[in-house]
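A closer look at the structure
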Amino acid sequence: MKLTALLGSLLAAATACAQLSERPGGMADNPIDSPRDLSGLSIKEPRVKIIHTTDPALEGGSMWLQQRDPWLAWQWGRHLFQREFRERDGVYGDSGKIEGMRLGDGATKIASRSHVNSCAVCHSSPYRDAGAGSTIAKNGGTGRNTPHLFGAGLLEMLGTQMRDALIAGADKNHDGWISLAEAAGRTASIRPAPGAEPLDFGRYDDVNGDGKPDLNDIAWPIYVDEEGRRMPAAASLKTPGVAGYRLDVQVFGYGHLHLPHRPPLASTVRTFAGNTFDLHQGMVPYDPSCLVDRDGTGFTAPTNAGCPQPMTQAGRDRGAAETATGISRDDPDRDGYCHEISEGEMDMVEWYHLNHPAPARGEPSSAATAGEARFHSIGCAQCHTADWRVEKDRRFFDLQTAWNPTSSRLEGRLVSLAEKKDGHTLPRGGSHDVRGLFSDLRYHDMGDGFAQQQFDGTVIRRWRTTPLWGAGSTAPYGHDGASLSLQDVILRHGGEAAPARDAFAALPQPQRAEVTAFLERLVLYQTDQLPCDLDGDGKISQHFSVAGQDTGTERLNPEWLFRTPGRIEGPVTNPQGQPVTSFALTNLNDAYSLTLPLMKDTDGDFFPDVMDPEPLKPGWRDGVK
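Residues numbered from 1 in each chain as written. Predicted model: local features only at pLDDT ≥ 70, side-chain atom pairs only at ≥ 80, totals over all residues. Heavy atoms only, no water.

Turning to unusual backbone geometry, a few remarks are in order. Omega for the bond connecting S125 with P126 falls within 30 degrees of zero, at 5°, which places this linkage in the cis form. By secondary structure assignment, the location of P126 is in the loop between α4 (119-122) and β3 (135-138). Following A475, the chain continues into P476 via a peptide bond in cis, with omega recorded as 0°. Counting through the fold element by element, P476 comes out in the loop between β20 (462-464) and α10 (486-491). Of note, S114 is a non-glycine position whose phi angle comes to about 60°, a positive value. Inspection of the secondary structure assignment puts S114 in the loop between β2 (109-112) and α4. Within the chain, H339 stands out as a residue other than glycine whose phi angle is a positive 55°. Residue classification places H339 among the buried residues on the basis of a relative accessible area of 4%. (Helix = DSSP H or I, 4+ residues; strand = E, 2+ residues; numbered from the N terminus. Buried < 20%, exposed > 50% of the residue type's maximum accessible area, 1.4 Å probe, protein only.)

Below, the structure is given as structure tokens:
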């Protein structure tokens, strides 16, 4: 897209056009014109399709936001996750159609399409975060329970690190892929953290003769030719021309079957978000960052957030019919709405998930302390590995949480993982110890209690070890949400987990209660309500001042950390005649940078002026009404 020529010719002012989930107004505004929310927690900014850029000098582009205003970029991605999309956004294309990946019979699809208008409908506990949620009709009649996404970026980084480690374990000539000769006779293992016992990940060769490496199911082979280039049609090591394989590692999801001609589950937060936008909401992203494999490895160049994307998980909108200003008119779901989620918006969603804080530990107790020791002694930790280490952390902040016995609450301390250079925020890329994940991230046969018969009659018995962080806040349990208590789901274990289950079942009830007390201590929380030391002064102020206003308890509100911090309306009188504090912003356009060149949307049709063919004429479908 040729932005330079367009920037000079467009003059406009940003507007705050109301949308279902937008409540931008304050007490002084007409609630019909500006639906208001004095709590300040609703989405305030109008939707604008962020423009993808790699040059941080282009004001309002995705790289500018990520480096010059990283908290605004984080908030923008967070709000895309929460936003209630409308018909004019293109939501619900092909609503009700059976779609998704094929099951074992090669024909049956996994789910019905377009059944929610917001990610937050399912990921709703806790509200306004990427929490856990409902059980939906997916894969089989028993359904799949919605997992939380706290710490999703840490999981993604562990996945890419595991992929590199598995390849390095057999890639003797260091050419980035594993040849058949290199695989012969070699076993695979990964050490989760320095000094920890290595975990067995199987074998690199195909001893059982099924045509794929005998690695743990978390490792998905990408078959390549003798030059190391991906062979998209190859289904196994036995396909003519296959000389070896690269690997993808899937750390998300519950379980699946390896099937020919079927892509793996999403292995990055970006592809996870893109495919779920499409399947569950009918919002098809046009995301060129996931479409170009220049060197034939099966992976794209790193995104703005630093993660190469697997070509096996690219979305449906390929931009075959693209306008001169970069609008894709492909419309894969045939609902008449084009370019439903932009590449720049996907940059923001990726940034949000990458930097989503991890779960915490709640109020300690003697029972929970004893329960954690017993959890290890009865063998649960053989699969639920407690700690890992990320060697190259791409996040820009970490949130350290702990229970404060004096205030009887969970509190946070914001820790920067980035350095400022010439006004740019650049992640340092140091190592980070991931404490309390409690998963070996391997797939295991969990026995009859966890077996799921899918829609086509095929049965899944192997599941990725669910990370237990957050378990105390995420009932019900199991891939199907069928276990209503922690004790129930533990006693449901079988297969490879049978010895640990039997040891738990043999405990007297008070000692079982200690184990569940430990698990109940692993909690989620509302990030924007968490009392938090933001300014690094070692305390949490009860009268935290932002832009000259008393905002009350110091907490993790991203708006306080913007390049231009949000300025609240402050003390007002509500319609009942009562004095209250309004957290509605009086500087919305400046705080959310809505007047910057690449974010101006004069006609309020979501398409920024610089890419809108008719910037003064609303056209919600494709930029031209």
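Before going further, it helps to examine the sheet that holds strand β5 (residues 178-179). If you walk across this open sheet you meet the three strands as β5-β9-β8, and the pairing is antiparallel. Both edges of this open sheet fall to β5 and β8 (219-224), since each of them pairs with a single strand only. Two strands pair when backbone bridges link them, and β5 and strand β9 (residues 244-249) are joined in this way by two bridges, in the antiparallel orientation. Opposite S179, over in β9, you have G244 as the bridge partner. (Pairing = 2+ DSSP bridges.)

Our focus in this paragraph is the packing of aromatic side chains. Under the definition given, this model contains 16 aromatic pairs. On the numbers, 6.2 Å between centres and 80° between planes, the contact of F85 with F277 is edge-to-face. With F85 in the loop between α3 (70-82) and β1 (98-102) and F277 in helix α7 (residues 269-281), this pair connects stretches of sequence that are 192 residues apart. You can call F277 buried: its relative accessible area is 2%. Each residue in the set W71, W74, F81, W351, Y352, F396 and F397 is aromatic and connected to the rest through ring pairs, giving one cluster. The lysine or arginine in question, R47, covers the ring of F606, its NZ or CZ lying 5.5 Å from the ring centre. Taking NZ or CZ as reference, R492 lies 4.5 Å from the ring centre of F450, over its face. (Phe/Tyr/Trp six-rings, centres within 6.5 Å; stacked < 30°, edge-to-face > 60°. Lys NZ or Arg CZ within 6 Å of the ring centre and 35° of its normal.)

Attention now moves to the pairing of β2. As judged from the three bridges shared by β1 and β2, these two strands associate in the antiparallel manner. Its bridge partner being in β2, R102 is matched across the sheet by K109. Counting the residues between successive antiparallel strands, the hairpin from β1 to β2 contains six residues, one of them, G106, with a positive phi of roughly 80°.

With that settled, consider α3. Taking 1.5 Å per residue, 13 residues should reach 18 Å; α3 reaches 18 Å between its end C-alpha atoms and fits that length. Of all 13 residues in α3, 13 are buried; the element is thus mostly enclosed. (Expected span 1.5 Å × (residues − 1).)

On to the environment of G570, then. Tracing the chain through its elements places G570 in strand β25 (residues 568-573). Accessibility expressed as a relative area gives 1% for G570, which makes it buried. Discounting chain neighbours no more than four positions away, the residues touching G570 are Q549, V580, T581 and S582. (Contact = heavy atoms within 4.5 Å.)

Further remarks concern the sheet that holds strand β13 (residues 409-416). Strand order in the open sheet formed by three strands is β12-β13-β22, and the pairing between neighbours is mixed. This sheet does not close on itself; its edge strands, each paired only once, are β12 (397-404) and β22 (532-533). As defined by bridge partners, β13 adjoins β22 across two bridges and the pair is classed as parallel. Paired with G412 across the two strands is C532, which belongs to β22.

Running from N to C, helix α9 (residues 366-377) and helix α12 (residues 509-520) point in directions that differ by 100°, and their axes come no closer than 7 Å. With respect to each other, α9 and α12 are oriented roughly perpendicular. Where α9 approaches α12, its residues A367, A368, A370, G371, E372, R374 and F375 are matched on the opposing element by Q511, E514, V515, A517, F518 and L519. Its residues assigned to classes, the contact of α9 with α12 comprises eight nonpolar, two polar and three charged. (Axes fitted to C-alpha atoms, helices over the stretch in contact; angles between N-to-C directions. Parallel < 35°, antiparallel > 145°, perpendicular 65-115°, else oblique. Nonpolar A, V, L, I, M, F, W, Y, C, P; charged D, E, K, R; others polar.)

In this section: α7. For α7, built from 13 residues, the straight-helix expectation of 18 Å at 1.5 Å per residue is met to within 8% by its first-to-last C-alpha distance of 17 Å. Of all 13 residues that make up α7, 10 are buried, and the element is covered over most of its length. Two residues or fewer past α7, G282 is found with a positive phi of approximately 70°.

Turning next to the pairing of β13. Bridge analysis of β12 against β13 gives eight bridges, and the strand direction is antiparallel. Looking at the pairing, Q400 lines up with R413 of β13. Once β12 ends, the chain turns through four residues before running back antiparallel as β13, passing S408 with a positive phi of about 55°.

Here we take up the pattern of salt bridges. Scanning all chains against the criterion turns up 35 salt bridges. Among the ionic pairs, D89 bridges to R47, the shortest N-O distance being 2.7 Å. Taken together, the positions of D89 in the loop between α3 and β1 and R47 in the loop between α1 (3-7) and α2 (62-68) put the pair 42 residues apart, joining distant regions of the chain. By the burial criterion, D89 is buried, and R47 matches it. For D217, the salt bridge identified is with R462, shortest N-O distance 2.8 Å. Here D217 is found in the loop between β7 (199-203) and β8, whereas its partner R462 is found in strand β20, with 245 residues between them in sequence. Bridged by salt links that share partners, the residues K97, E99, K109, R113, D278 and R316 form one connected network. (Salt bridge = Lys/Arg side-chain N within 4 Å of Asp/Glu carboxyl O.)

Here we come to the environment of A233. Tracing the sequence through the fold places A233 in the loop between β8 and β9. In sequence terms A233 and Q526 are 293 residues apart; their C-alpha atoms lie 45 Å from each other.

As a further point, take the confidence of the model for the chain. The predicted structure's coordinates, where accompanied by low pLDDT, should not be read in detail. Across the chain, pLDDT averages 93, with 96% of residues at or above 70. Residue range residues 1-19 is modelled with pLDDT below 50. Its contacts to residues more than four positions away, or to other chains, number 42 contacts. (pLDDT = per-residue confidence, 0-100.)

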